[in-house]
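This is what each chain is made of:
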Amino acid sequence: MVATDKLFAGSVPEIYDRYMVPLIFESYARDLAERLATLEPRNILETAAGTGVLTQAIASQLPQARLVATDLNQPMLDRAAAKLSREKRIEYRQADALALPFEDARFDAVACQFGAMFFPDKVQGYKEARRVLKPGGRFFFSVWGKISENEFADVVTQALAEVFPDDPPRFMARTPHGYHDAERIRADLNAAGFTNIAIDPVEARSKAASPRDAAIAYCQGTPLRNEIEARDPAGLDRATQHAAEAMSRQFGSGAVEGRIRALVITARP
């Protein structure tokens with residue numbers, strides 16, 4: 001992983017929240033929150049909270065629980081906090097999931113939606129989740145499947161390879177869709193001290209009002225933007241338009257819909 005893969009700053013949080021969250025994250029947030037709610041936890045830690053789509057789903061499912069939402073990127077947390085400012089039982093705190101600033105055995109559950117792929121050391125991230133769990137607590141998280149199983153991301157990645165043939169931007173394949181092997185995930189969790197592990201593939205449909213909305217989501221609302229601008233500082237609009245045209249050829253010019261697939265994992269020590 002390159003350093004910019006973890007950088008969500010500038011206008012990225014706002015575009016991410018407006019376009020990317022409804023495109024691929026909302027349905028999985030509801031699913032993960034429902035799984036977590038079956039335990040009726042009172043104290044919950046969320047890592048890699050982003051702009052708060054899972055935070056909001058958990059708060060809705062568990063109105064009596066207290067939640068600490070953390071993320072490495074303060075601008076993402078600021079966006080989340082602005083949306084849920086009236087929820088006094090939610091604390092927002094900038095934190096690295098690999099070095100959590102919390103005492104041992106503090107939380108009933110730890111949740112992380114589509115953040116583990118960004119951990120430079122997966123086992124260390126899982127060890128930290130295990131450390132802050134109370135006895136009997138559970139770790140809930142999700143990761144994306146391979147990029148070929150996630151149609152919009154795949155089409156955008158191929159389109160950008162046409163724009164930059166000498167140095168194709170590979171953020172989507174490298175990081176969000178680069179940690180999809182169930183046996184590797186299981187082995188990493190075992191190495192961190194988790195022994196009771198369930199890994200469920202979950203398919204859904206990604207929908208956008210137009211091909212351009214989907215292209216904006218990926219090209220401007222993720223760290224893929226950093227790769228595009230590193231190759232051509234003035235080329236963001238050109239790259240977005242090319243991705244939109246590729247989306248239109250593949251899915252049509254009106255409202256678009258494509259396959260998405262993820263793995264949802266529940267683990268106990």
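None of the values given here were measured: they were computed from a predicted structure.

Let's talk about the sheet that holds strand β2 (residues 66–71)
In step 1: With mixed pairing, seven strands are arranged side by side in an open sheet as β3-β2-β1-β4-β5-β7-β6. Across the chains shown, the open sheet's two edge strands, defined by having one partner strand only, are β3 (90–94) and β6 (196–208). For this sheet, the mean angle separating the axes of adjacent strands, direction not counted, is 20°.
In step 2: Running at roughly 145° to strand β5 (residues 133–144), helix α4 (residues 122–132) makes contact with β1 (43–46), β4 (107–113) and β5 of the sheet.

Observations concerning the environment of Gln113
In step 1: The residue Gln113 is located in strand β4 in this model.
In step 2: Here the alpha-carbon distance between Gln113 and Ala49, two residues 64 residues apart in the chain, equals 7.3 Å.
In step 3: Look past the residues within four positions of Gln113 in its chain and what remains in contact with it is Phe25, Tyr28, Ala29, Leu32, Thr47, Ala48, Val53, Leu54 and Ser142.
In step 4: A polar side-chain atom of Gln113 sits 2.9 Å from the main-chain amide nitrogen of Ala29.

Some points on the pairing of β5
In step 1: Two strands pair when backbone bridges link them, and β4 and β5 are joined in this way by six bridges, in the parallel orientation. The residue of β5 that forms the bridge with Gln113 is Ser142.
In step 2: In this fold, the crossover linking β4 to β5 by way of α4 has right-handed handedness.
In step 3: Where β5 lies against strand β7 (residues 256–268), six bridges are found, and the strand directions are antiparallel. Paired with Val143 across the bridge in β7 is Leu263.

Cut-offs and rules
- Residues numbered from 1 in each chain as written.
- Predicted model: local features only at pLDDT ≥ 70, side-chain atom pairs only at ≥ 80, totals over all residues.
- Heavy atoms only, no water.
- Pairing = 2+ DSSP bridges.
- Helix = DSSP H or I, 4+ residues; strand = E, 2+ residues; numbered from the N terminus.
- Axes fitted to C-alpha atoms, helices over the stretch in contact; angles between N-to-C directions.
- Contact = heavy atoms within 4.5 Å.
- Polar contact = N/O pair within 3.5 Å; in protein donor to acceptor, adjacent residues only side chain to side chain.
- Right-handed = clockwise from strand over helix to strand, strands pointing away.

Fair warning: the whole summary comes from geometry, so function is off the table for now.
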